[in-house]
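Notes for the structure review
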Amino acid sequence: MMTAQSKKKHPLLSIHSFLMLAFIYIPVLLIVLFSFNDSRMSTNWSGFTFDWYVKLFQNDNVMTAVKNSLFIAVVSTIVSTVLGTMVALAIRKMQHKKTLNSLLYLPIIVPDIIMGLSLLILFSQLKFDLGKITVIIAHITFSISYVYVIVTSRLANMGKQWEEAAADLGATPWQTFRHVTLPTIWPGIIAGALIAFTLSIDDFMISYFVAGPESSTLPIYIYSSVKRGISPEINALCTILIIVSVTLIIAAQWLVNRGNGDKRGNMLPF
């Protein structure tokens, strides 16, 4: 048997973990810090102020980018969540699903720059004008895979015994789905939707390829602004995006954990 002493972590492992986290998060914290800097120069700290956040919300270009990003994210999230959940439910009932699983994982594995370029070529061949519609289609394309993975993991934890019990008690397929399957997998569905929304809000590479002149999103606006120099206003915008992204990811993780810990001990409702 392993002793308590042998189970102790090596001190270097803790140091390595700390250094890794510092390497990842210190640059992010610097962005947040300098968003409150009273000076336009990001190299010198001159005092604390909220002025850049006020100016940010008074910037018409920023507000246009916010509206575009929210519209694109909401539409793509709704569509990708519905399609991703339907695909997960359909493939679950198939006998040979390894090939389909591999195909649905491809959008996650393929580099964003290749994904964006391939979609740009597709839209060019189909004579689509680049704009909000092409960005929405692009976001749906990669978001479906993330929703599928999360919902599939929830379905795998669920098993089939409850659905089989419902069928034995005379429930129709729709009743089984409504009263058994859906209540069990809803945390996975909501978590998938939150992840899809976060990915859509944060996406730059694919959006950069398929966005038109009137469909600039927040990441594209940040990129175009940074080329003229980093200002505290851009830092403030990045800080807001960080807060939104972190909040949604935490909520998604909480829902996944809540769903995995949910034990259906109640009787079937029909």
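Shown above is the structure to which this text applies.
Here the structure is a predicted model, which is why all the values come from computation and not from measurement.

Brief notes about unusual backbone geometry
At lysine 127, a residue that is not glycine, the phi angle is positive and equals roughly 60 degrees. Its location among the elements puts lysine 127 in the loop between helix H6 (112-125) and helix H7 (132-158). A residue is classified by how much of its surface remains accessible, and lysine 127, at 71% relative accessible area, is exposed.

Thoughts on the nonpolar core
Formed by 24 residues in total, the largest nonpolar core has its most connected members in Tyr221, Ile222 and Leu237. Put simply, the parts of the chain that give this core at least two residues each are helix H3 (51-57), helix H4 (60-92), helix H9 (173-202), helix H11 (218-226) and helix H12 (232-260). With eight residues, the top contributor of residues to this core is H12. Apart from residues lying up to four places away in sequence, leucine 237 is in contact with Leu56, Val62, Leu218, Tyr221 and Ile222. Counting 15 residues, the second-largest nonpolar core is a separate cluster that includes Leu155, Met158, Ala171 and Ile189.

Considerations on the packing of aromatic side chains
When we look at a pair of aromatic rings, we describe it by the centre distance and by the angle of the planes. Scanning the model with the defined rule gives 10 aromatic pairs in all. An angle of 15 degrees between the planes, with centres 5.9 Å apart, marks the rings of phenylalanine 123 and phenylalanine 128 as stacked. Exposure remark for phenylalanine 128: the relative accessible area of 40% places this residue in the partly exposed category. Arranged with centres 5.3 Å apart and planes meeting at 40 degrees, the rings of phenylalanine 204 and tyrosine 208 form a pair that is tilted. On the accessibility criterion, tyrosine 208 (42% relative accessible area) is partly exposed. The residue whose ring lies beneath lysine 132 is phenylalanine 71, and the NZ or CZ to ring-centre distance is 5.5 Å.

The rules behind the values
The numbers attached to residues start from 1 for each chain and follow its sequence in the written order. With pLDDT at 70 or above as the cut-off, local features in this predicted model cover only qualifying residues; side-chain atom pairs require 80 or more to be listed or tallied, and sums for whole chains, interfaces and linings still use all residues. Each side-chain value is worked out from all heavy atoms of the structure, with water and hydrogens disregarded. In this description a helix means any DSSP run of H or I spanning at least four residues, a strand means any run of E spanning at least two, and both kinds are numbered starting from the N terminus. To sort residues, take the accessible area from a 1.4 Å probe on protein chains only and compare it with the maximum for the residue type: under 20% means buried, over 50% means exposed, and anything in between is partly exposed. Among the buried residues, those of types Ala, Val, Leu, Ile, Met, Phe, Trp, Tyr and Cys that are joined through side-chain atoms within 4.5 Å form a nonpolar core. Any two residues having at least one pair of non-hydrogen atoms within 4.5 Å are treated as being in contact. To pair, rings of Phe, Tyr and Trp, with the six-membered ring standing in for Trp, must have centres within 6.5 Å; the planes then decide the type, stacked if under 30 degrees apart, edge-to-face if over 60, and tilted in the middle. Our definition puts a charge over a ring when NZ of Lys or CZ of Arg is within 6 Å of the ring centre and also within 35 degrees of the ring normal.

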